[in-house]
Amino acid sequence: MLIFIFHNNIENMKKVAIIVDDVIRDLGPLSLLSIELKKIGIEPFLVPLRIQHLEIKKIKPDYILLNYLRKQNEFYASGYAKAGIKLGLLDQEGGAFIDFEKFESLRLTKNLSLRESVDQVFFWNDEIYEYAEKNGWFPKAEKIVTGHPKYDTYYINNQKISKQTNKSKFLFLTSFTLANPRLLSPEQEIKSWLASGGNEDYVRDLQNKHKFSFNLFINTFKELLQKYPDNFFELKIHPFENSEVYYENFSNYKNLIITHNQTLIKSLKNAKYVFHSSSTTSFESLLSDVMPINLKFLENPFKIELVENISFNCNSIQDLKEIIENKKDNELNLKLHESKNIVDRLIHNYGSSSRTIAENINICLEESRDINFMVLEKYNIIKSNWIINLLKN
């Protein structure tokens, strides 16, 4: 009888499907959100992005939380909307942009009717919320400033650890996904960008510039490893990059550890500085009390103004060497204090974003909606895989 009652309660619970893009990066934060949903009586499901078309049909959720709304997921998102499933959008990167017009142009679907189908949008901060409201990005959606669950993980981690004194590791992060893609060849990567609405001349020029940055990084990092054998380095490879070239070039160095399938929060442990190339991981670095250093001399074409504002911008290889030699420590400590103040103003509900999002989803679900899951049968993998069909041409 107890088993029957428990099962019956589960059947009556509202279901929320949370789309997970990258397991290493996203699973921890979205698990926190799942826990908060469970606490208030909602059944959460973590759904891998690439098999969502299979899992959503089985789960039959009342609500789907999308990780982004781009050309790449328009097909499925349109199906969910037509079926009557409530849709939420969790902004995972827009808050890092100062030029929101550029963000809209590069990262947001052009399908206006789909934007109108979104029920809730959860923003990082007031700045992007106000711009989205003013420019009618999601005219019918409830727009809420909540912060992001990924920052909750740093809040929790910071409560558990004391100030680290042994910060001696130099952590380097790669982010050359257009020049060195993991899932596609470089030429196929261009085609996927074109299928998303990019201009061919622009995308090819972008890739060529990224290749220059990538090759310069390889040569520079090799020089550092050879010049400073007594220093300890970690190279963390971006999850959407091909790792082979890094292992081929660097696996023999004794003063280096290469990590690929490891969370950033773990890599940040004992790091003195984080070296990146225009990466939004600068936020996570500062939350871990580690100064991010932007390798600006690499001339990465993917420039994000806010990332440059909160990072120490390294303009030459000589500057980089002086940092490794501890000649800029005082300057970097002053910048760390300044940058942490900026981040504190930008990240909302630090430590409670997951709970805030869960509570708002619960409010949205109080009003029922008829859902026709049979509609989803029209949205299968053969019809939706527009990139693969394009690459066959």
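These numbers come from a predicted model, not from an experiment.

S.K.: I would appreciate a short explanation of the sheet that holds strand β8 (residues 232-236) in the present structure.
M.R.: Reading across the sheet, the six strands line up as β9-β8-β7-β10-β11-β12 and stay open at both edges, with parallel pairing between neighbours. Edge strands, defined here as strands with exactly one partner in the open sheet, are β9 (256-259) and β12 (312-314). Pairwise comparison of adjacent strand axes, ignoring direction, gives a mean angle of 25 degrees for this sheet. In terms of strand pairing, strand β10 (residues 271-276) meets strand β11 (residues 291-295) through four bridges, oriented parallel. Bridge assignment links Val274 to a residue of β11, and that residue is Pro292. Strands in contact with helix α16 (residues 329-346) are β10, β11 and β12; relative to β11, the strand with the most contacts, it is inclined by about 105 degrees.

S.K.: Before we go on, may I ask you to explain the nonpolar core in this structure?
M.R.: One recurring pattern in soluble globular proteins is that nonpolar side chains are buried together. Core analysis: the biggest nonpolar cluster contains 52 residues, and Phe172, Phe221, Phe250 and Phe275 have the highest contact counts within it. Residue contributions to this core peak at six residues, all from helix α10 (residues 200-227). With residues near it in sequence (within four places) discarded, Phe221 still touches Phe172, Phe233, Leu235, Phe250 and Leu256. Counting 33 residues, the second largest nonpolar core, distinct from the first, contains Ile85, Ile128, Phe138 and Tyr379.

S.K.: Where do I start with the packing of α10 against helix α15 (residues 317-324) in this structure?
M.R.: Helix packing for two helices is described by the angle between their axes and how far apart those axes are. Relative to each other, α10 and α15 sit at 35 degrees, their axes nearing to 12 Å. Of the two elements, α10 crosses α15, and the hand of that crossing is right-handed. Mapping the contact onto sequence places Thr220, Glu223, Leu224 and Lys227 in α10 and Ile317, Leu320, Lys321 and Ile324 in α15.

S.K.: Please clarify how the pairing of strand β2 (residues 42-48) should be interpreted in this entry.
M.R.: Looking along a regular strand, one sees the side chains alternate between the two faces of the sheet. Here strand β1 (residues 14-20) runs beside β2; their pairing, made up of seven bridges, is parallel. Considered in β2, the bridge of Lys15 is made with Glu43. One crossover worth recording links β1 to the parallel β2 by way of helix α2 (residues 23-39), and it is right-handed.

S.K.: Teacher, can you tell me more about the pairing of strand β6 (residues 142-145) here?
M.R.: The pairing of strand β5 (residues 120-123) with β6 spans four bridges and is classified as parallel. Paired with Val121 across the bridge in β6 is Lys143.

S.K.: How should α16 be read in this particular structure?
M.R.: Residues lying three or four places apart along an α-helix face the same way, a consequence of the helix completing one turn every 3.6 residues. Here α16 contains 18 residues, and its C-alpha end-to-end distance of 25 Å stays within 8% of the 26 Å for a straight helix at 1.5 Å per residue. Burial in α16 covers these residues: Asp329, Leu332, Lys335, Leu336, Ser339, Ile342, Val343 and Leu346. For α16, the buried positions fall inside an angular range of 135 degrees around the axis, keeping them on one side. Away from its buried face, by an angle of more than 90 degrees, α16 presents the exposed residues Asn330, Leu334, His337, Asp344 and Arg345.

S.K.: Would you take a moment to explain the packing of aromatic side chains for this structure?
M.R.: By the definition in use, this model includes 21 aromatic pairs. Taking 6.4 Å as the distance between ring centres and 50 degrees as the angle between the ring planes, the aromatic pair formed by Tyr151 and Phe283 counts as tilted. Here Phe283 lies in helix α13 (residues 281-287) and Tyr151 lies in helix α8 (residues 149-160), a separation of 132 residues in the sequence. Residue Tyr151 shares its accessibility class with Phe283, and that shared class is buried.

S.K.: Help me out: how do you make sense of the environment of Tyr155 in this one?
M.R.: Mapped onto the elements, Tyr155 comes out in helix α8. When its relative accessible area of 33% is taken as the criterion, Tyr155 is described as partly exposed. Excluding residues that lie within four positions of it along the chain, Tyr155 makes contacts with Tyr350 and Gly351.

S.K.: What am I meant to see in the pattern of salt bridges here?
M.R.: A side chain with one charge may pair with a side chain of the opposite charge, provided their charged atoms come close. Taken as a whole and judged by the stated rule, the model has 21 salt bridges. With a closest N to O distance of 3.3 Å, Lys39 and Glu36 form a salt bridge. Separated by three residues within a single helix, Lys39 and Glu36 lie in helix α2, roughly one turn from each other. Its relative accessible area of 61% is what places Lys39 among the exposed residues. Three or more residues are tied together by salt bridges with common partners; here these are Asp21, Arg25, Asp26 and Arg50.

Rules of the game
- Residues numbered from 1 in each chain as written.
- Predicted model: local features only at pLDDT ≥ 70, side-chain atom pairs only at ≥ 80, totals over all residues.
- Heavy atoms only, no water.
- Pairing = 2+ DSSP bridges.
- Helix = DSSP H or I, 4+ residues; strand = E, 2+ residues; numbered from the N terminus.
- Axes fitted to C-alpha atoms, helices over the stretch in contact; angles between N-to-C directions.
- Contact = heavy atoms within 4.5 Å.
- Core = buried A, V, L, I, M, F, W, Y, C linked by side-chain atoms within 4.5 Å.
- Buried < 20%, exposed > 50% of the residue type's maximum accessible area, 1.4 Å probe, protein only.
- Left-handed = near helix turned anticlockwise from the far one by under 90°.
- Right-handed = clockwise from strand over helix to strand, strands pointing away.
- Expected span 1.5 Å × (residues − 1).
- Arc of directions from axis to C-beta.
- Phe/Tyr/Trp six-rings, centres within 6.5 Å; stacked < 30°, edge-to-face > 60°.
- Salt bridge = Lys/Arg side-chain N within 4 Å of Asp/Glu carboxyl O.

Everything listed is a geometric property; what it means functionally is a separate question.
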